[in-house]
Amino acid sequence: MQKRSFLHAALAAGVVFAGSAAMAQDSTFRIGLILPMTGQQASTGRQIEAAAKLYMAQNGDTVAGRKVQLIVKDDTSLPDVTRRLAQELVVNDKVNVLAGFGITPSATATAPIATQSKTPEVVMAAATSSITEASPYIVRTSFTLPQVSVALADWAPKNGIKTVVTLVSDYGPGIDAEKYFKERLQFNGGQVTEALRVPLRNPDFAPFLQKVRDARPDALFVFVPSGAGAAVMKQFLERGMDKAGIRLIATGDVTDDDQLNDMGDGALGVVTSHHYSAAHPSAANRKFVEAFGKANKGMRPNFMAVGGYDGMRVIYEALKKTGGKGGANPSGDALLAAMKGQIFESPRGPVFIDAQTRDIVQNVYLRKVEKKDGELYNVEFDVIKDVKDPGKTK
Ligand code: PHB
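Reference entry: report on the structure contained in this document.

What counts and how
- Residues numbered from 1 in each chain as written.
- Predicted model: local features only at pLDDT ≥ 70, side-chain atom pairs only at ≥ 80, totals over all residues.
- Heavy atoms only, no water.
- Helix = DSSP H or I, 4+ residues; strand = E, 2+ residues; numbered from the N terminus.
- Rg over C-alpha atoms; globule rule 2.2 N^0.38 Å.
- Areas by Shrake-Rupley, 256 points an atom, 1.4 Å probe, with all protein chains shown as cover.
- Lys, Arg positive; Asp, Glu negative; His and termini not counted.
- Charge placed at Lys NZ, Arg CZ, Asp CG, Glu CD.
- Near = heavy atom within 4 Å.
- Polar contact = N/O pair within 3.5 Å; in protein donor to acceptor, adjacent residues only side chain to side chain.
- Nonpolar A, V, L, I, M, F, W, Y, C, P; charged D, E, K, R; others polar.
- Contact = heavy atoms within 4.5 Å.
- Salt bridge = Lys/Arg side-chain N within 4 Å of Asp/Glu carboxyl O.
- Buried < 20%, exposed > 50% of the residue type's maximum accessible area, 1.4 Å probe, protein only.
- Core = buried A, V, L, I, M, F, W, Y, C linked by side-chain atoms within 4.5 Å.
- Axes fitted to C-alpha atoms, helices over the stretch in contact; angles between N-to-C directions.
- Left-handed = near helix turned anticlockwise from the far one by under 90°.

1. Looking at the overall build of the protein
Within the protein, the secondary structure is distributed over 12 helices and 15 strands. Computed over the C-alpha atoms, the radius of gyration of the protein is 21 Å, within 12% of the 21 Å expected from 2.2 N^0.38 for a compact globule of 394 residues. Overall, the C-alpha framework of the protein stretches about 70 × 50 × 35 Å when taken along its three principal axes. A total of about 15,400 Å² of accessible surface is found on the protein, and carbon and sulfur atoms cover 52% of it. Between the mean site of the 47 positive side-chain charges and the mean site of the 41 negative ones, the protein shows a separation of 3 Å.

2. Some details on the site of the ligand
Taken together, 14 residues lie near the ligand, and Thr 104, Ala 127, Tyr 171, Ser 226 and Asp 253 sit nearest. Here an oxygen atom of the ligand and a backbone polar atom of Ala 127 are 2.8 Å apart. Tyr 171 places a polar side-chain atom, nitrogen or oxygen, 2.7 Å from an oxygen atom of the ligand. Computed on the free molecule, the ligand has an accessible area of 280 Å², of which 100% lies beneath the protein chains in the complex. Taken together, the residues that form the shell around the ligand break down as 9 nonpolar, 4 polar and 1 charged.

3. Some thoughts on the side chain of Thr 104
Along the polypeptide, Thr 104 turns up in helix α5 (residues 104–117). With near-sequence residues (within four places) excluded, Thr 104 lies in contact with Ala 126, Ala 127, Thr 128, Ile 131, Tyr 171 and Pro 173.

4. Thoughts on the pattern of salt bridges
Side chains that differ in sign of charge can pair as their charged atoms come close. For the structure on display, the rule yields 21 salt bridges. Two residues, Glu 88 and Arg 84, come together in a salt bridge whose shortest N-O distance is 3.3 Å. Of the two residues, Glu 88 and Arg 84 are both situated in helix α4 (residues 79–91); the distance of 4 residues between them amounts to about one turn of the helix. Exposure remark for Glu 88: the relative accessible area of 30% places this residue in the partly exposed category. On the basis of relative accessibility, which here comes to 42%, the residue Arg 84 falls in the partly exposed class. Its salt-bridge partner being Glu 194, residue Lys 211 comes within 3.8 Å of it at the nearest N-O pair. Taken together, the positions of Lys 211 in helix α8 (residues 206–215) and Glu 194 in strand β8 (residues 191–198) put the pair 17 residues apart, joining distant regions of the chain. Within this structure, Arg 140, Asp 359, Asp 389 and Lys 392 form a network of salt bridges that share partners.

5. With respect to the nonpolar core
In terms of nonpolar packing, the biggest core is built from 77 residues, with Phe 181, Ile 249, Met 312 and Ile 315 touching the most fellow members. Ranked by residue count, the leading element in this core is helix α11 (residues 303–323), at 11 residues. Once you skip the residues sitting within four places of it in the chain, Ile 249 turns out to touch Leu 152, Trp 155, Ala 156, Ile 161, Phe 181, Ala 219, Leu 220, Phe 221, Val 222 and Val 271. In terms of nonpolar packing, the next biggest core, distinct from the first, is built from 26 residues, Leu 167, Phe 236, Ile 246 and Leu 248 among them.

6. Comments concerning the packing of helix α6 (residues 145–155) against helix α7 (residues 172–187)
With their axes 8 Å apart at the nearest point, α6 and α7 run at an angle of 30 degrees to one another. You can see that α6 and α7 cross each other, and the crossing is right-handed. On α7, the residues touching Leu 145, Pro 146, Ser 149, Val 150, Leu 152, Ala 153 and Asp 154 of α6 are Pro 173, Asp 176, Ala 177, Tyr 180, Phe 181, Arg 184 and Leu 185. Considering only residue class, the contact of α6 with α7 consists of 10 nonpolar, 1 polar and 3 charged.

See the structure below:
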């Protein structure tokens, strides 16, 4: 209780102070970027940090007369650490925006701080549907699991897949993926015969895959968070599940562009649904992939990088809209208002920040792993346009 009221007092003081004449002199615009730079989700941190820095290198670090400062913090993907870092960033560093959030628990742990301090929280990675409902200050530039899972459940029964076992990480996004995939598959006349959940931390897929092998469904549907896909693929192939006639289908988190090219030819033919592929055939994406590689020793951007890149764009455009009027930094409420309703062409395709939900509306693509110029890519073969998060329309 005491700790809580101290936080309230500190946050309130921070807000008052930020609005005072003394602070108005400091026109630096600060973005607190909290990411998992180490631990299981480190690839997400590496991708988003690289993308945010690329965006700043391409667009300058002065916006509407404000110097933009990016403060990167490593939360090791532990939500208690995320919360502490967010508090420090708001109270001590007086950041104008909180951003990043590699996993759902980190995004939701920060939500009360965003609300109390009226600081926009730009979620660039985490993808459980309900996150945007945790605070009216949350804006999302990543995606949601319901958004991408439904497309695959429409595709599967039309392509000879009637019985499916689902295998998901046992937390927010996995439970969303399981629920929305299952509901839609059943609606389409298919059947989920078993729903398996693996722990988020240090998962051992072997016993679950053995169960799937014994159950012999037409396909295995998988969601695991970015960074864990290679382990699933390896064990799926080692067990000869593909040879036993079980198809692997998944959200694009599994054939993540950060890991895909190292998965080997066993990954060829795997069908996934997702909002971004490094192979997306648009001029904007080709430019993005090339610039990202150039700035990062040939690294290929994944969907996390795009969430970070677009998140920076949303922040920059909001600042342009609100910050050019001289005097103090724009208030959190003004920034938030300027984030809502933004429409632009992302490397993933056209996107829209829905003003009502503060969530991203975007195309979802069906893709198949293929070899292009000797490398493995998620090659898009169909698109469902302008998909809203189905989790919001219920
Ligand atoms: C999440 O925790 O919300 C999350 C993390 C990684 C993903 C998708 C969702 O690839």
